[in-house]
Each structure stands twice: as C-alpha cells, then as structure tokens.
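# Structural overview
Spelled out, the chains give:
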Amino acid sequence: MRKVIQPVKGTRDFYPEEMGIRTWIYQTIRNVSESFGYQEWEAPLLETLDLYAAKSGEELVQEQSFVFLDRGGDKIALRPELTPSLARLVAQRQAQLSVPVRWWSFGPFWRYERPQKGRTREFFQWNIDMLGVNTPEADAELIAVAATFFQKVGLTPDKVTILINDRRLMDSELSAIGILAEKKNDVFNLIDRRNKLQYAEWQTYALSLGLSETQVSGLNEILDNSELWRKSTELSRVFNALSAMGLSDYVQYDAKIIRGLLYYTGTVFEAFSPTGDIRRAICGGGRYDNLLADVGGDPMPGVGFAMGDVVITLLLQSLDLIPTGLGKVPAKILVTVFDQESFPASLEIAKELRQNGLDVICYPEATKLGKQFKFGDRISARIVIVSGPDEMKIGSVTIKDLEAGTQQVILRSEAAKYIKDLLIGS
Ligand code: HAM
C-alpha cells in the first residue's frame with residue numbers, strides 16, 4: 001500500500017491552478033493598492049511573542065499563536081497578524097518617515113484555529129494601512145480601497161457589504177447604560193460574539209460578565225439601532241466621504257461590528273457577503289491610535305484593514321468570478337525534437353525564440369513526433385515547431401499553427417518574427 005505523507009493540518013497545497021488564483025488575487029491587490037498611492041513593504045515572518053502581547057488580545061496571543069522557544073530560550077511566534085509589526089517598523093524610523101505613511105503588504109500568517117470553511121491555520125493576508133493622520137476621511141479612504149478591490153473582481157454591492165461602526169460611539173453608548181470603564185473590553189468582546197453565538201448562549205455569556213438584565217436589554221437596543229451613527233460626527237464624515245467617492249452602495253452602518261482585536265480605538269469595519277453560505281468576514285480593520293506608543297514609539301495614529309485569501313477565494317469561486325485559464329502552462333510554443341542527432345538544433349531554436357521574448361518549451365526527449373504533438377495538445381500549445389533533416393538542410397523550420405490549422409516552412413532567422421505576427425494577428 002502506498003502511503004503519501006500528509007500535509008500539516010490546516011495548511012493548503014497550491015497546485016499550479018490554485019497558485020494561479022493566488023497570483024491573480026495578489027496582482028489585483030497590487031493594482032488597487034498602487035492606484036491609491038500605497039507602497040509595498042514586508043516584515044519578518046517570525047516575531048517575539050511580546051510584540052503581540054502588547055495589544056492584540058488574549059485569544060490571539062494565548063490560544064491562536066504558533067509559538068516556539070528558540071535555542072536562546074526566547075519565545076518566538078509565527079506572525080498571526082501584521083499590524084504590530086507595522087507599528088514596530090514605523091516606530092523604528094518614526095523621525096525619518098514622511099507622513100502620511102501609506103503601505104501595503106501580502107504574505108503568509110499562521111493561527112492555531114479549528115480548520116473549517118473559511119478558516120485555515122496557514123493563510124495569506126493583504127494588509128493596507130495609513131499612519132500619521134487621524135481624520136474620518138482617511139478611514140473612508142481605507143474603506144474605499146476595500147470597495148475598489150471588490151469592484152475590480154466583480155463583486156457588485158449586492159454581493160458584498162462593508163459594515164461600519166465606531167468604538168468611540170459605542171464607548172459612550174455603553175457608558176449611558178451604566179457599563180463601567182473596566183468592563184468595556186469584556187463588553188466589546190461580548191458584542192464581537194453577538195453574531196457568532198446562538199442568542200441564548202450569548203445572553204448567558206452577557207450575564208456571566210456581570211451585566212444586569214436591564215443592561216443586556218439596553219445593549220440589545222443599541223445593537224439593533226441602525227440610525228445610531230447619526231450621533232457620531234466622525235461616522236457622518238466617513239459616510240459623506242464614501243458618498244463623494246460613489247461608494248455608498250457598498251457600505252452600511254452596523255452597531256454589532258466592534259472587532260476582536262484590542263488595539264482599535266475608533267472607526268471599525270468588516271465586509272460580509274449576503275449571498276452564498278460563507279458567513280465569515282471577508283476583511284476587517286479599523287483605526288488604532290495607541291498602537292505605536294504601545295510598541296515603544298511616539299504616539300501616532302493609524303488606520304487599515306486586512307483581507308485573507310481564503311474567504312475571498314471561496315466567495316469568488318462560488319459566484320463564478322475567477323477568470324478561466326489561471327495557472328495554465330505559460331508557454332504557447334513547443335519545439336519538437338526530431339531525433340537525437342538534431343537535439344542540439346532544437347535546443348538552439350528554442351533559445352533563439354526565447355531571446356526574442358517568446359515563451360517556449362522544448363520537448364526534453366527525442367521520442368515519436370506523435371507523442372510530442374499530443375503533449376502540445378494537452379498544454380494547449382498554439383504553435384508547434386518541427387526541425388527535421390529536410391528543414392535543417394535548408395536552414396529552415398516548419399511552423400505549425402494549431403489554431404489556424406496551417407503550416408509553413410520558414411527560415412530560422414525569420415521564425416521569431418513570423419511567430420510574433422501570427423500571435424499578434426490572432
Ligand atoms: P483580523 O480580523 O484578525 O484582522 O483578520 C483579517 C482577515 O484575515 C479576516 O477577515 C480573514 O479574511 C483573514 N483571516 C484571519 N484569520 C484567518 C484564518 N484562520 N483563516 C483564514 N483567514 C483568516 C487583522 O488581522 C488586523 N491586523 C487587520 C488590520 C490591519 N487592522 C488594521 N490594519
């Protein structure tokens with residue numbers, strides 16, 4: 001019995017087709033990020049666990065981080081998120097960087113979560129952040145970046161909604177129902193679970209935190225109030241800015257959006273799809289004005305979000321929005337090998353064509369031509385080149401255009417131009 005060694009639980013293998021999808025998403029992310037003037041950057045994949053202990057929150061640090069002791073005895077984490085690294089990098093060069101800093105990144109992250117639809121232990125995230133300004137219009141810009149990405153991949157407003165709230169507004173609403181400052185983080189956590197738990201379970205959790213029945217019903221009233229944003233000048237400005245950018249259809253106020261991470265201080269947002277059965281957030285982010293100081297820098301405000309590759313890929317697949325042909329063999333030109341003697345000539349022809357900017361596969365074996373043509377078929381080659389003794393004698397090659405069903409004997413020195421004309425003409 002054959003027994004292939006299994007991959008690590010919660011990781012994904014990227015065969016060329018899946019890699020094609022990932023690369024397409026990365027490319028779209030790059031285009032959108034650059035269209036708003038953001039620069040690409042990257043941080044190490046390993047960080048000290050202390051970096052996250054500063055402000056990411058209990059769950060991420062205690063339960064979800066992949067941690068190991070290095071040989072010197074230091075606790076090292078495989079990064080579960082990027083924002084603390086971003087704060088660290090900016091803090092290190094705070095005096096030199098010109099603000100606002102607009103940076104984006106795409107790379108791997110690890111969280112020890114229960115693998116399920118939309119959740120893996122190894123995933124990729126697009127992070128995009130602006131630091132150095134604290135205006136609702138900056139918050140709106142980040143939300144607009146997310147909406148623009150959705151537009152680019154064909155997710156129209158009926159297929160995705162960005163839900164927005166503000167922690168400052170929620171803070172004052174919680175005070176109004178008598179929730180004390182020291183309880184606020186617990187209650188934010190409770191709100192974050194409002195849609196993740198059954199109502200009865202959620203209510204029991206609320207009471208276990210020490211909330212009175214009156215406070216629980218007061219909290220429910222707050223969470224169901226879709227007009228609450230009108231009390232917040234910041235949120236009004238966020239919605240105005242989004243309207244000016246023509247993106248009102250993508251956004252909606254929702255008091256239940258609070259975010260699980262501890263460092264958020266203002267606007268918070270998450271995107272969901274009302275279609276299909278993927279209930280997980282597509283992306284999430286918000287304003288964090290204390291994180292720089294928390295990692296040892298001078299105070300500096302920031303806002304940003306991250307989108308994982310898992311949920312967005314599932315969603316785009318379920319809506320049939322992934323372009324066809326991703327991850328296919330890139331070369332459309334196959335140079336065949338007539339016999340062992342002419343092998344060097346085939347290799348030379350392939351090299352000449354590549355030097356002319358064409359993507360070319362040279363068959364790696366002097367086997368039957370029929371088998372080589374079949375291979376060409378399988379990789380959907382457009383052009384197949386044969387260089388046998390007859391062609392070699394007159395310094396030529398036979399160029400078959402499989403799409404047009406034609407063939408032509410051409411001087412080797414003119415082959416590249418001839419093929420380029422064929423490809424352009426089609
Ligand atoms: P987050 O909400 O923890 O935020 O993660 C953002 C996104 O990453 C999620 O919406 C989801 O798409 C993806 N994600 C997270 N965990 C997993 C997982 N186990 N499997 C698959 N996808 C996952 C943050 O990470 C913040 N640092 C975002 C941020 C940037 N805030 C400000 N700037």
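Reading the values: rules and limits
Residues numbered from 1 in each chain as written. Predicted model: local features only at pLDDT ≥ 70, side-chain atom pairs only at ≥ 80, totals over all residues. Heavy atoms only, no water. Buried < 20%, exposed > 50% of the residue type's maximum accessible area, 1.4 Å probe, protein only. Helix = DSSP H or I, 4+ residues; strand = E, 2+ residues; numbered from the N terminus. Pairing = 2+ DSSP bridges. Axes fitted to C-alpha atoms, helices over the stretch in contact; angles between N-to-C directions. Parallel < 35°, antiparallel > 145°, perpendicular 65-115°, else oblique. Left-handed = near helix turned anticlockwise from the far one by under 90°. Contact = heavy atoms within 4.5 Å. Domains from an automatic or database assignment. Nonpolar A, V, L, I, M, F, W, Y, C, P; charged D, E, K, R; others polar. Near = heavy atom within 4 Å. Polar contact = N/O pair within 3.5 Å; in protein donor to acceptor, adjacent residues only side chain to side chain. Areas by Shrake-Rupley, 256 points an atom, 1.4 Å probe, with all protein chains shown as cover.

Counting buried positions over the six residues of strand S15 (residues 396-401) gives five, a clear majority of the element. As paired elements, strand S14 (residues 383-386) and S15 share four bridges and run antiparallel to each other. Within S15, the position partnered with Ile383 by the bridge is Asp401. Two elements, S15 and strand S16 (residues 406-411), share six bridges in a ladder whose sense is antiparallel. Across the sheet, the residue bridging to Thr398 is Val409, located in S16.

What follows deals with the packing of helix H5 (residues 136-152) against helix H10 (residues 233-244). Relative to each other, H5 and H10 sit at 45 degrees, their axes nearing to 8 Å. As summarised for this structure, H5 and H10 are arranged oblique, according to the angle between their axes. In terms of crossing hand, the pair formed by H5 and H10 is right-handed. Counted together, Pro136, Glu137, Asp139, Ala140, Ile143 and Ala144 of H5 and Glu234, Arg237, Val238, Ala241 and Leu242 of H10 form the full contact between these two elements.

If you check the domain split of the protein chain, you get domain 1 (16-318) and domain 2 (333-425). Distance between the C-alpha centres of domain 1 and domain 2: 52 Å.

For the bond running from Val99 to Pro100, omega is -5 degrees, close enough to zero to count as cis. By secondary structure assignment, the location of Pro100 is in the loop between helix H4 (83-92) and strand S5 (101-110). Even without being a glycine, Arg259 presents a positive backbone phi close to 75 degrees. Structurally, Arg259 is set in the loop between strand S8 (251-253) and strand S9 (267-272). With a relative accessible area of 12%, Arg259 lands in the buried category. Not every positive phi belongs to a glycine, and Ser380 is a case in point at roughly 55 degrees. Looking at the secondary structure, you find Ser380 in the loop between helix H14 (369-378) and S14. Take Ser380: its relative accessible area is 44%, and that puts it in the partly exposed class.

Contact geometry of helix H1 (residues 16-35) with H5 gives a least axis separation of 10 Å together with a crossing angle of 130 degrees. Here H1 is positioned oblique relative to H5, judged by the angle of their axes. In the crossing of H1 with H5, the sense of the turn from one axis to the other is right-handed. When H1 is examined against H5, the residues Ile25, Thr28, Ile29 and Val32 are found in contact with a partner set consisting of Val145, Thr148, Phe149 and Lys152. A class-by-class count of the residues in the contact of H1 with H5 yields five nonpolar, two polar and one charged.

A few words now on the side chain of Lys184. Relative to the helices and strands, Lys184 is located in helix H7 (residues 184-192). With near-sequence residues (within four places) excluded, Lys184 lies in contact with Asp171, Leu174, Ser175 and Ile179.

Moving on: the sheet that holds strand S6 (residues 122-131). Here eight strands make up an open sheet; going across it, the order is S1-S5-S6-S11-S10-S9-S7-S8 and the pairing mixed. Edge strands, defined here as strands with exactly one partner in the open sheet, are strand S1 (39-40) and S8. For S5 and S6, the ladder comprises ten bridges, and the chain directions are antiparallel. Note on S6: the bridge partner recorded for Val101 is Leu131.

This next bit is on the site of the ligand. Lining the immediate environment of the ligand, one finds 26 residues, of which Glu81, Thr83, Glu113, Asp129 and Tyr264 sit closest. At a separation of 2.7 Å, a nitrogen atom of the ligand approaches a polar side-chain atom of Thr83. Between a nitrogen atom of the ligand and a side-chain N or O atom of Tyr264, the distance comes to 2.6 Å. For the ligand, whose accessible area on its own is 660 Å², the fraction buried by protein is 96%. Contributions of two or more residues to the shell around the ligand are made by S6, strand S10 (283-288) and strand S11 (302-308). Residue composition of the shell around the ligand, grouped by class: eleven nonpolar, nine polar and six charged.

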